[in-house]
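# Architecture and fold: a report
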Amino acid sequence: MEHTEHADKRPDRRIQRTRELLQQAMIELVVEKGYEAISIQDITDRANVARTTFYLHYADKDELLFSSVRDMIEDLLSSMKPGREEMPTSFEHIAQHAAFYRAILGEQGSPAFVSRLTDFVADVVRERMLSQMAIPGKDPRLPLDFMTHYLVGAYVGVATWWLNKDMPYSPAQMAQMINDLADKGLMWALGADE
């Protein structure tokens, strides 16, 4: 019997569809109720699947939430070029999903989720941005992990602030301000460098 490797790697459409239903239900419920108020039963009722089906795919709602956001971010990244040009597009993505991010990063969100999101985005920043900017043959002055988490912490904090203030600046303005602060420093931003 002939068996191809390609056939083995193709995801089962029923599994993929069930995961999509659960993810969509999670996102809708986070926006409507806040993360902490959601139960597994709420999610399965909204997705119209059995609780046992939920547990075939996810261990808990934290895993479902992270999976949902990871997929959103991976879709975003697949359309972007590596480097600093990603910044406006990432703020556009946040603006498009503002209600969801506002709910999940706000007071009713999940600290465990924010921690996982930060680690995931740190990996992306390290691979797609900092490694591209490094000068071959020169060692960085500070540890790469430190710089990565500093940048990601600032980014998540600024994105949360921007959402909570009803996005008073455009995605392009947000990207420019972050790049200016990173390039020119705090003293320049305060006007104290003259």
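The structure displayed is predicted, hence computed values, not measured ones. (Residues numbered from 1 in each chain as written. Predicted model: local features only at pLDDT ≥ 70, side-chain atom pairs only at ≥ 80, totals over all residues. Heavy atoms only, no water.)

### Examining the confidence of the model for the chain
Averaged over all residues, the pLDDT of the chain equals 83, while 89% of them reach at least 70. When mean pLDDT is taken per element in the chain, helix α3 (residues 40–47) scores highest with 96 and helix α1 (residues 5–9) scores lowest with 49. Within the model, pLDDT remains below 50 along residues 1–7, and this stretch shows 1 contact once partners closer than five positions in the same chain are excluded. (pLDDT = per-residue confidence, 0-100. Helix = DSSP H or I, 4+ residues; strand = E, 2+ residues; numbered from the N terminus. Contact = heavy atoms within 4.5 Å.)

### Considerations on the pattern of salt bridges
Scanning all chains against the criterion turns up 10 salt bridges. Here Asp123 makes a salt bridge to Arg126, at a shortest N to O gap of 3.0 Å. Of this pair, Asp123 and Arg126 both sit in helix α8 (residues 111–133), 3 residues apart, which is roughly one turn of that helix. Its relative accessible area of 37% is what places Asp123 among the partly exposed residues. As a salt-bridge pair, Lys184 and Asp180 come within 3.7 Å of each other at their nearest N and O atoms. Separated by 4 residues within a single helix, Lys184 and Asp180 lie in helix α10 (residues 171–184), roughly one turn from each other. Judged by its relative accessible area of 46%, Lys184 is partly exposed. Shared partners join several salt bridges into a network, and the residues in it are Glu28, Glu32 and Arg46. (Salt bridge = Lys/Arg side-chain N within 4 Å of Asp/Glu carboxyl O. Buried < 20%, exposed > 50% of the residue type's maximum accessible area, 1.4 Å probe, protein only.)

### Quick look at the packing of aromatic side chains
The tally for this structure, following the rule as stated, stands at 8 aromatic pairs. Seen from their ring centres, Phe54 and Tyr58 are 6.0 Å apart, and the 50 degrees between their planes marks the pair as tilted. Under the relative-accessibility criterion, Tyr58 is labelled buried at 4%. When the centroid spacing of 6.2 Å and the interplanar angle of 25 degrees are considered together, the rings of Trp161 and Tyr169 count as stacked. Owing to a relative accessible area of 35%, Tyr169 belongs among the partly exposed residues under this scheme. (Phe/Tyr/Trp six-rings, centres within 6.5 Å; stacked < 30°, edge-to-face > 60°.)

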